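Topology and contacts: notes
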Amino acid sequence: ESYENHLFEADQLMQKASELNPEDPQIWLLWGNIKRKANKLVEADEKYKIAYSLTPDNPIILNAYGQTRGRLADYETALDLLNSALTIDSDFKSKKHEIINRTSIAETLLAWSELLLRDRNFEKSKDNLFKAENECKLALKIDKNDEKSLGIYSKCHYKIGRFYTATNNIVEAKKYFYQCVQNESKGFGVARYKLKAAIELSKLLLKTNEYDEVKSIL
């Protein structure tokens with residue numbers, strides 16, 4: 001039912017499953033996934049929390065719960081959960097799982113960095129940005145062609161460029177925007193941030209009358 005996007009029917013079935021076997025963490029994990037698919041993050045988070053309470057050492061549950069905690073802006077808890085998923089020795093772990101885990105950590109760090117920048121906590125914001133970039137590098141060491149990792153890596157460079165623009169370090173801002181613009185990797189994530197970086201870089205170049213460079217970038 002969930003695969004067919006019949007989310008109400010799927011929800012009713014998961015309710016019945018949870019009543020039949022409330023101690024099965026996989027039921028709560030799958031129910032959380034269905035809620036997340038419906039973009040009901042608070043409800044998904046509640047299901048993942050129950051799954052986590054039943055099996056606190058399952059990296060897949062840790063990762064799912066960490067993702068919703070991060071998207072609900074509980075960044076410290078999210079990072080604790082996501083980092084725990086990396087360190088636990090489990091039969092569930094795989095290279096694919098590590099890539100998902102590291103990109104989830106990177107996304108959480110980027111979101112937290114943006115909040116810190118708005119709060120003018122520049123040092124912590126910058127630290128999170130470069131930690132996120134490092135997580136992407138580690139993910140790309142596992143699979144250099146993974147589209148999600150490449151997209152978030154590109155997002156890191158764009159966000160670092162924005163950080164340096166906001167803190168008036170224009171030389172460093174241009175450097176990271178150029179890194180983003182010159183990325184030849186494929187995928188929607190790369191293309192999206194390549195375009196955004198091209199616009200931000202062009203704004204900076206226009207201020208110094210570098211019209212030919214702007215024209216070539218755009």
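Report follows, based on the coordinates. Along each chain, the written sequence defines residue order, and numbers are assigned to residues from 1. Local features in this predicted model are restricted to residues of pLDDT 70 or higher, and side-chain atom pairs are both shown and tallied only at a pLDDT of 80 or more, whereas totals for entire chains, interfaces and linings draw on every residue. Computation of side-chain values covers all heavy atoms of the structure but excludes hydrogens and water.

1. Considering the side chain of Asp-11
Helix numbers and strand numbers start at the N terminus; a helix is a DSSP run of H or I with at least 4 residues, a strand a run of E with at least 2. By the secondary structure assignment, Asp-11 is in helix H1 (residues 7-20). Taking the relative accessible area as the measure of exposure, Asp-11 reaches 18% and is therefore buried. Contacts between residues were defined by any pair of non-hydrogen atoms, one from each residue, lying within 4.5 Å. Ignoring anything within four residues of it in the chain, the contact list for Asp-11 reads Trp-31 and Lys-35. A simple rule labels every residue: compare its accessible area, found with a 1.4 Å probe on the protein chains alone, to the largest value its type can have, and call it buried under 20%, exposed over 50%, or partly exposed in between.

2. Quick word on the environment of Leu-204
If you trace the backbone, Leu-204 turns up in helix H10 (residues 188-207). In this structure, the C-alpha to C-alpha distance between Leu-204 and Val-214, residues 10 residues apart in sequence, is 9.3 Å. Not counting chain neighbours up to four residues away, the residues in contact with Leu-204 comprise Thr-165, Ile-170, Ala-173, Lys-174 and Phe-177.

3. Notes on unusual backbone geometry
Leaving glycine out, the prevailing phi sign among residues is negative, and the prevailing peptide bond configuration is trans. Phi at Asn-5 takes a positive value of approximately 70 degrees, unusual for a residue other than glycine. You can see Asn-5 is positioned in the segment before H1. In this structure, Asn-39 is a non-glycine residue whose phi angle is positive, near 65 degrees. Relative to the elements of secondary structure, Asn-39 occurs in the loop between helix H2 (25-37) and helix H3 (41-54).

4. Overview of the environment of Tyr-3
With respect to the helices, strands and loops of the structure, Tyr-3 is situated in the segment before H1. Tyr-3 sits in the exposed class, given a relative accessible area of 83%. Sequence separation of Tyr-3 and Lys-37 is 34 residues, and the distance between their C-alpha atoms is 9.9 Å.

5. Quick word on the packing of helix H6 (residues 95-118) against helix H8 (residues 147-166)
Axis separation between H6 and H8 bottoms out at 10 Å; the angle between their running directions is 15 degrees. In terms of orientation, H6 lies roughly parallel with respect to H8. The two elements H6 and H8 cross, and the hand of that crossing is left-handed. Contacts between H6 and H8 pair Ile-99, Thr-103, Ala-106, Glu-107, Leu-110, Glu-114 and Leu-117 from the former with Lys-148, Ser-149, Ile-152, Lys-155, Cys-156, Lys-159, Phe-163 and Ala-166 from the latter. Any residue outside Ala, Val, Leu, Ile, Met, Phe, Trp, Tyr, Cys, Pro, Asp, Glu, Lys and Arg is labelled polar, Gly included; the first ten of those are nonpolar and the last four are charged. Of the residues contributing to the contact of H6 with H8, the split by class is eight nonpolar, two polar and five charged. Between N-to-C directions, angles cover 0 to 180 degrees, with each direction set by a line fitted to C-alpha atoms, over the stretch in contact for helices. In what follows, roughly perpendicular refers to angles from 65 to 115 degrees, roughly parallel to angles under 35, roughly antiparallel to angles over 145, and oblique to any angle outside these ranges. For any pair of crossing helices, the crossing counts as left-handed if the nearer helix is rotated counterclockwise from the farther one by less than a right angle, and right-handed if it is rotated clockwise.

6. Things to note about the pattern of salt bridges
By definition here, a salt bridge exists when the distance from a side-chain nitrogen of Lys or Arg to a carboxyl oxygen of Asp or Glu is within 4 Å. A complete count under the given rule lists 13 salt bridges for this structure. One salt bridge in this structure joins Glu-43 and Lys-35, with 2.7 Å as the shortest N-O distance. By relative accessible area, Glu-43 is classed as partly exposed at 30%. Under the relative-accessibility criterion, Lys-35 is labelled buried at 7%. For Glu-135, the salt bridge is made with Arg-102, and the minimal N-O distance between the two is 2.8 Å. Here the residue Glu-135 occupies a position in helix H7 (residues 122-142), and Arg-102 occupies one in helix H6, the gap between them amounting to 33 residues. The network of salt bridges with shared partners includes Asp-11, Lys-35 and Glu-43.

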